[in-house]
Amino acid sequence: MKAIRRLIVLLIGTWLLGHVAAATNHVEFKPGQIWTDTDGVPINAHGGGTLFHNQMYYWYGEIKTGKTWTPECNRSWGGTRVESVGISCYSSKDLLNWKNEGTVLPAVQDNPQHELHKRKVLERPKVLFNQTTRKFVMWMHVDSEDYQLAHAGVAISDSPIGPFRYVGSSRPDGAMSRDMTVFQDDDGKAYLFSSSESNATMHISLLTDDYLQPAGKFIRVFEKRFMEAPAVFKHQGRYYLMASDCTGWQPNAARSAVADSIWGPWQELGNPCRGPEAAITFRGQSAYILPVAEQPGTFIFVGDRWNQFDLADSRYLWLPLRFTAQGFEVPWHDTWRLPLAATR
Ligand code: DGJ
């Protein structure tokens, strides 16, 4: 009898513990620390981007899970991999507490010819909402295991939480595309920024009005500067870019730039990171710059701290931006909260 009572107490205790963990309410950002979702499970959305739609934020990212290995073809440059699972989506009203909305674009399990087959590369998803077509359009880096395909892929959905239907991929404007992002301007026009020409030079391509393909107009910028991980935002009429150097999963000094027009000229501003390990982007890399909808002028650096030997244990670096007379900075904080005191 006693044993049964003990078992019941143990079961109730375990259930309660699980639910207390699930109910954890995050009240501050803790860059680099494990960040759990509303179920108490670590958030799995790497190399991602966000979308604000109907008073809700959505965070899309690469699902990194399972064993990390180095394919023979990537051995020379340390290109470790996990099997691709697909693209995740989380939703939140406060940017701190995220609900897992599931896998909105799954990898393909059984057809090795398919571009989204689990052995291939699916990275850096970014989603835009097209006001005219009322579609959610996802752009992403689609590649072969050895990163030689260098394509940008597109998927489309009627809902921010998917499912997304894969449309296909291409080399935008006939040029290589690896690390990429998309940027939607105030006038509804959207642009693809991608590391092109063997990652040496960035291309900025105008997208068609439905955002589904390049419109045919593009420029080459930051020639031979080997920039990856582009993140773009607009503040007080100026366009800003943050990016990394090109060193695989290894961290490096971030880059930043400003322009009065998306078509340039783009002026480089240097590494915007400030604080310990700023010279290596706090052991991380840019993924996105998030405009806080409720606080115009507030932007958050969304970065990844990759663990190249256990990619599933990669972490996130979310840090507030600070504007300066010349441009912007990303100062380190062990912890921080919104709203921020106004900068400029
Ligand atoms: C650096 C890129 O920024 C990442 O997205 C990923 O492609 C790694 N290289 C792979 O080594």
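The present account deals with the structure reproduced in this document.

Cut-off values and rules
- Residues numbered from 1 in each chain as written.
- Predicted model: local features only at pLDDT ≥ 70, side-chain atom pairs only at ≥ 80, totals over all residues.
- Heavy atoms only, no water.
- Near = heavy atom within 4 Å.
- Polar contact = N/O pair within 3.5 Å; in protein donor to acceptor, adjacent residues only side chain to side chain.
- Nonpolar A, V, L, I, M, F, W, Y, C, P; charged D, E, K, R; others polar.
- Salt bridge = Lys/Arg side-chain N within 4 Å of Asp/Glu carboxyl O.
- Helix = DSSP H or I, 4+ residues; strand = E, 2+ residues; numbered from the N terminus.
- Buried < 20%, exposed > 50% of the residue type's maximum accessible area, 1.4 Å probe, protein only.
- Core = buried A, V, L, I, M, F, W, Y, C linked by side-chain atoms within 4.5 Å.
- Contact = heavy atoms within 4.5 Å.
- 1 Å grid on protein atoms, 1.4 Å probe; cavity = no way out; pocket = protein on both sides within 12 Å on 5 of 7 lines; lining within 4 Å.
- Points joined across faces, edges and corners; volume = space filled by probe spheres on them.

Points about the site of the ligand
Near the ligand, the surroundings consist of Trp 77, Glu 123, Arg 124, Tyr 147, Asp 179, Glu 228, Gly 248, Trp 249 and Gln 285. Residue Arg 124 places a side-chain N or O atom 3.0 Å away from an oxygen atom belonging to the ligand. Gln 285 places a side-chain nitrogen or oxygen 2.8 Å from an oxygen atom of the ligand. For the shell around the ligand, the class distribution of residues is three nonpolar, two polar and four charged.

A word on the pattern of salt bridges
Summed over all chains, the structure comprises 20 salt bridges. The shortest N-O distance in the salt bridge between Arg 220 and Glu 197 comes to 2.6 Å. In this pair, Arg 220 sits in strand 12 (residues 214–221) while Glu 197 sits in the loop between strand 10 (190–196) and strand 11 (201–207), placing the two residues 23 residues apart along the sequence. Residue Arg 220 is classed as partly exposed on the basis of its relative accessible area of 42%. Across the salt bridge formed by Arg 274 and Glu 329, the nearest N and O atoms sit 3.2 Å from each other. One end of the pair, Arg 274, is in strand 17 (residues 273–274); the other, Glu 329, is in strand 22 (residues 328–331), and 55 residues separate them in sequence.

Remarks on the nonpolar core
Among the nonpolar cores identified, the biggest contains 37 residues, and Trp 59, Leu 95, Trp 98, Leu 290, Ile 300, Trp 318 and Val 330 are the most heavily contacted of them. Those elements giving two or more residues to this core turn out to be strand 2 (56–62), strand 13 (228–235), strand 14 (238–244), strand 18 (285–291), strand 19 (299–305), strand 20 (315–320) and strand 22. Dropping the residues within four chain positions of it, Ile 300 is found in contact with Phe 29, Leu 95, Tyr 288, Ile 289, Leu 290, Val 292, Trp 318, Leu 319, Pro 320, Leu 321, Trp 336 and Leu 338. Within the second largest apolar cluster, 19 residues are counted, among which are Tyr 58, Tyr 60, Leu 105 and Val 108.

Here's the deal with empty space enclosed by the protein
Under the counting rule described, the total for this entry stands at one cavity of 30 Å³ or more. Its boundaries defined by the atoms lining it, the largest cavity holds a volume of some 110 Å³. Around the largest cavity, the lining comprises 17 residues; the ones closest to its centre are Lys 64, Arg 81, Val 82, Ser 84 and Leu 122. By residue number, the principal contributor to the lining of the largest cavity is strand 5 (residues 121–130), which donates three residues. Residue composition of the lining of the largest cavity, grouped by class: eight nonpolar, three polar and six charged.

Don't take any of this as a statement about function, it's just geometry.
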